[in-house]
Amino acid sequence: MTDKKRADFDAIDTNHDGFITAKEFREALQTPSGQISEANANAFVKLADKNGDDKISFEEYDAITR
Ligand SMILES: [Ca+2]
Ligand SMILES: [Ca+2]
C-alpha cells in the first residue's frame, strides 16, 4: 500500500465516503475525447468488488491495482 495509491483512490472517491462507485469511477475517467461507457465502469466495479456491495473499498482497489 502506497501513499500514491491512496491519493489515486481519494481522487476517484469524490464524495470521500471511502468507497468508489461505478458513477464516481466513470466521472474520474472522463477525458476530452469522452468518457468510458457505463457498461465498462460497471464491469470494472464488478471485477474489483469482492464482497458484493457494488462499491470498491480501498482494500479492493489495492488488490486489483497492485
Ligand atoms: Ca464515494
Ligand atoms: Ca466492495
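> Explain the overall build of the chain to me, please; I cannot follow it from the model alone.
Scanning the chain for helices and strands turns up four helices and two strands. In terms of overall size, the chain behaves like a compact globule, its C-alpha atoms giving a radius of gyration of 11 Å where 66 residues would be expected to give roughly 11 Å. Across its three principal directions, the C-alpha atoms of the chain cover 30 × 25 × 20 Å. Of all 66 residues assigned to the chain, the portion counted as buried reaches 15%. Within the chain, counting contacts between residues at least 6 apart in sequence, those at least 24 apart form 29% of the total.

> Honestly, the nonpolar core in this entry has me stumped. Any pointers?
Soluble globular proteins tend to pack their nonpolar side chains together in the buried interior. The biggest cluster of nonpolar side chains holds seven residues, and these are Ile 20, Ala 22, Phe 25, Ala 41, Val 45, Ile 56 and Tyr 61. Every element with two or more residues in this core is listed here: α2 (22–28) and α3 (38–48). Setting aside anything within four residues of it in sequence, one finds Ile 56 in contact with Phe 19, Ile 20, Val 45, Ala 48, Asp 49 and Tyr 61.

> Help me understand the environment of Ile 36 in this model?
Within the secondary structure, Ile 36 is located in the loop between α2 and α3. Here Ile 36 falls in the partly exposed class, since 15 other C-beta atoms lie within 10 Å of it. Considering only alpha carbons, one finds Ile 36 and Arg 26, 10 residues apart in sequence, at a separation of 6.2 Å. Aside from chain neighbours lying at most four places away, what touches Ile 36 is Arg 26, Leu 29 and Ala 41.

Rules used throughout
Residues numbered from 1 in each chain as written. Chains lettered and ligands numbered in written order. Predicted model: local features only at pLDDT ≥ 70, side-chain atom pairs only at ≥ 80, totals over all residues. Helix = DSSP H or I, 4+ residues; strand = E, 2+ residues; numbered from the N terminus. Rg over C-alpha atoms; globule rule 2.2 N^0.38 Å. Buried ≥ 20, exposed ≤ 12 C-beta atoms within 10 Å, placed from the backbone. Contact = placed C-beta atoms within 7 Å. Core = buried A, V, L, I, M, F, W, Y, C linked by C-beta atoms within 7 Å.

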